[in-house]
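Structural overview
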Amino acid sequence: MVFYEPGKTSHGLPRDPYKACVVPRPIGWISTRNKDGVDNLAPYSQFNNLTFDPPYVMIAANVDLNENRKDTTVNAESAGEFCWNVATYDLREAVNASAEWFDRGVDEFQRANLEKEQAKLVNVAMVKASPIKFECKYYTTLRLPGNPPMGTVDVIVGRVIAIHIDDRVLTNGMIDIGKVVPIARCGYHQYTVVRPESVFEMVIPGNPKQLVGLEGNASVASTMKDGKHDVKPTGS
Ligand SMILES: Cc1cc2nc3c(=O)[nH]c(=O)nc-3n(C[C@H](O)[C@H](O)[C@H](O)COP(=O)(O)O)c2cc1C
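Residues numbered from 1 in each chain as written. Predicted model: local features only at pLDDT ≥ 70, side-chain atom pairs only at ≥ 80, totals over all residues. Heavy atoms only, no water.

Secondary structure assignment for the protein yields six helices and 14 strands. For 236 residues, the compact-globule formula gives about 18 Å, and the C-alpha radius of gyration of the protein, at 19 Å, lands near that figure. Across its three principal axes, the protein shows a C-alpha extent of roughly 55 × 50 × 35 Å. Among the 236 residues that make up the protein, the fraction classed as buried is 37%. Counting contacts in the protein only where the partners sit at least 6 residues apart, residues at least 24 apart contribute 58% of the total. Taking the 26 positively charged and 28 negatively charged side chains of the protein as two groups, their mean positions are separated by 2 Å. (Helix = DSSP H or I, 4+ residues; strand = E, 2+ residues; numbered from the N terminus. Rg over C-alpha atoms; globule rule 2.2 N^0.38 Å. Buried < 20%, exposed > 50% of the residue type's maximum accessible area, 1.4 Å probe, protein only. Contact = heavy atoms within 4.5 Å. Lys, Arg positive; Asp, Glu negative; His and termini not counted. Charge placed at Lys NZ, Arg CZ, Asp CG, Glu CD.)

In structure tokens:
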């Protein structure tokens, strides 16, 4: 049995197991534009949805010893906007290529050989081939102090103001995970992929009204907004 206190006692393993514990992590494939108009793209697996009405997302970008912040952080804060692009199995090599460190003046779409699509409400390029994309307004940054060389992290929170869903990933009006085929991070250099055969359904037992938030039933959710509903949505 491995038991350790991070930062205090050793896990005794050849590699740090921490990032292999909370898995799989969705990938925040984040595009930004810097003040000189150069487009930037990078993957962040310390990324997630925070809430849905209105939707917010977060990205945790590490900071090094010399207080060097990631381009994504600098651009999201200075421009006040960024986009999220779903990272798919088909695009995995480009996701990986966009993680390489480049100077601020380098267009990472070009380096990853990706076609751009201009966002509608924010001045940011998106990955055209990515079937689901969010346009986001920067909301805040939370600095979490950490240990050298790069434990300190900036948690960037953004509000999702527009969502693009390609028709080709919809089946009967629902996002078809088998058509998106998203990838996600595991530990070490490992990734996983969501395919239809690994998807299963479960429904919370009890009062069906409690399922509204989970199933995303738009018509019931709108009656709740009018105060005509007696049960709060369960969440995500
Ligand atoms: C799949 C994947 C996930 C990553 N997740 C993070 C992360 O959560 N936080 C982070 O600071 N860097 C993460 N990185 C490293 C960044 O992508 C890398 O430092 C990149 O060069 C940052 O680019 P930027 O400076 O243009 O924002 C990740 C890399 C990969 C390949």
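For the bond running from V23 to P24, omega is -10 degrees, close enough to zero to count as cis. Mapped onto the fold, P24 is located in the segment before β1 (25-26). At the junction of P148 and P149, the peptide bond is cis and its omega measures out at 5 degrees in the coordinates. Looking at the element boundaries, P149 is found in the loop between β9 (132-144) and β10 (153-165). Here the phi dihedral of N113 falls at roughly 60 degrees; this positive angle occurs in a residue that is not glycine. Relative to the helices and strands, N113 is located in the loop between α3 (108-111) and β7 (116-118). The class of N113 is exposed, set by a relative accessible area of 73%. Although it is not a glycine, V181 adopts a positive phi angle of roughly 50 degrees. Within the secondary structure, V181 sits in the loop between α4 (177-180) and β13 (183-185).

Taken together, 17 residues form the shell around the ligand, and within it P43, Y44, S45, N62 and T72 come nearest. Y44 is positioned with one of its side-chain polar atoms (N or O) 2.6 Å from an oxygen atom of the ligand. T72 places a side-chain nitrogen or oxygen 2.5 Å from an oxygen atom of the ligand. Bound to the protein, the ligand loses 86% of the 640 Å² it would expose on its own. (Near = heavy atom within 4 Å. Polar contact = N/O pair within 3.5 Å; in protein donor to acceptor, adjacent residues only side chain to side chain. Areas by Shrake-Rupley, 256 points an atom, 1.4 Å probe, with all protein chains shown as cover.)

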